[in-house]
Amino acid sequence: MKVLVLGGAGYIGSHVVKAMLAAGHDVTVFDNLGSGQLGNLFPEAKFIAGDIRHADDVNAAFARGFDGCVHLAAYKAVGESMAEPEKYSVNNISGTLNMLNAACAHGCKNVVFSSSAAVFGSPQYVPIDERHPTDPESYYGFTKLEIERFLAWYDRLKGVRYAALRYFNAAGYDVDGRIDGLERNPQNLLPIVMEVASGWRKELQIFGQDYDTRDGTCVRDYVHVADLAQAHVNALAYIAKNDRSLTVNLGSEKGVTVTEMVEVARKITGKEIPAAYVGRRSGDASALYATSALARETIGWAPKYSDVETLVASTWKVYQKYKAPGEKK
Ligand code: UD1
């Protein structure tokens, strides 16, 4: 298939491109390189520099003719979305509408959308399945849920078939080491742990040690980015073949505490990784993990790399190539 990957130079997008190429697709990346990086591009894929906020850019891209697209071009920082909702309205919501309208105008009927577990808000029960009520606690999560609703309407009205993939905590790096661009200003646990291990930060702050979990720290469901990438390939094949849309959770189903993650990182890196327990971070749920039974049944998805050791080791391999953020050795 001819596939357009919007946001294909980003952290998750570059892994999706790699998986799409491996599946034999003819891939074009569309990216404004705002957070994506040239170094994440694959020579086997074509590249269009463009911005999803500009309808003309998006239209010109889709005019090249695609059978399917993967949409990952979005802002994703929860805290920032609460402080600057306007950015998220324009980029995530308006940008997606530009994408959907252009896809329809040019006959691209299959859309794989990068959604998030943030659509659920605080869990009423775990593991979280697809029927769990959606009640986002951040503006970021709200944009993802609204986009899922737009997709459902475009399915009804325009015959667009979509797969909304609700990622839990994406982590890890390409196990072959081909993708090695570090995210700028990472906000998530594992990159921060790696920055401490690399000596770029003094210590890790562990947010809360009085949660009702096995060691008092928060439980999350970390899923390897290569596993997530494979789910996009499977989902695109599913919606195209069955002419049916799909919304699934993507998690490893293994809850891991912050302390457990840090312990594994100490073992694998051989570094001390100083950590201090500080107060809870507002808005953090104590335990968040998925059931991915539906993804298994529908798109035959089974995570291969999402054990904590592989998550940490594949990330550490990339961090070891850098002497400072943005500066390779
Ligand atoms: C993340 C994403 C969110 C996504 C969600 C899916 C961010 C900020 N959040 O949320 O977009 O939708 O996964 O489930 O990108 N922690 C520390 N110290 C730190 C950093 C984190 O103790 O310096 C802890 C947090 O309290 C949390 C865990 O580590 O318990 C993971 O945090 P984080 O990587 O920020 O992800 P989530 O908040 O779970």
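Residues numbered from 1 in each chain as written. Predicted model: local features only at pLDDT ≥ 70, side-chain atom pairs only at ≥ 80, totals over all residues. Heavy atoms only, no water.

## As for the packing of helix α1 (residues 11–22) against helix α7 (residues 225–242)
To keep things clear, this is the line we draw: Axis lines are fitted to C-alpha atoms, over the contacting stretch for helices. Their N-to-C directions set the angle, which ranges from 0 to 180 degrees. A run of DSSP states H or I qualifies as a helix once it reaches four residues; a run of E qualifies as a strand once it reaches two. Both are numbered from the N-terminal end. For classification, angles of less than 35 degrees are called roughly parallel, those exceeding 145 degrees roughly antiparallel, those between 65 and 115 degrees roughly perpendicular, and all remaining angles oblique. Crossings are sorted by hand: turned counterclockwise from the far helix by less than a right angle, the near helix makes the crossing left-handed, and turned clockwise it makes it right-handed. Only heavy atoms matter for contacts: two residues are in contact if any of them lie within 4.5 Å across the pair. Any residue that is not Ala, Val, Leu, Ile, Met, Phe, Trp, Tyr, Cys, Pro, Asp, Glu, Lys or Arg is counted as polar, Gly included; the first ten are nonpolar and the last four charged.
One way to put it is that α1 packs onto α7 with a least axis distance of 8 Å and a crossing angle of 55°. Taken together, the axis directions place α1 and α7 in an arrangement best described as oblique. When you trace α1 past α7, the crossing you get is right-handed. Across from Y11, I12, H15, V16, A19 and M20 in α1, the residues of α7 making contact are V225, L228, A229, Q230, H232, V233 and L236. The class makeup of the residues in the contact of α1 with α7 is 10 nonpolar, three polar and no charged.

## Considerations on the pairing of strand β9 (residues 219–224)
Let me state the cut-off plainly: Relative accessibility decides the category of a residue: with a 1.4 Å probe and only protein chains considered, values under 20% of the type maximum give buried, values over 50% give exposed, and everything between is partly exposed. Note on pairing: two strands pair once DSSP finds at least 2 bridges between them.
Of all six residues in β9, six are buried, a share of seventy percent or more. Here β9 shows no split at all, with V219, D221 and V223 on one side and R220, Y222 and H224 on the other all buried. The sheet contact formed by strand β7 (residues 169–171) and β9 spans three bridges and is parallel. Along β9, the bridge assignment pairs A170 with V223. The sheet contact formed by β9 and strand β11 (residues 255–257) spans three bridges and is antiparallel. Bridging from a neighbouring strand, V219 pairs with T257 of β11.

## A few points about the environment of N188
On the secondary structure map, N188 appears in the loop between β7 and α6 (189–197). For N188, a relative accessible area of 36% translates into the label partly exposed. Note: C-alpha distance between N188 and V264 (76 residues apart in sequence) is 16 Å.

Note that all results are geometric; they support no functional claim without further evidence.
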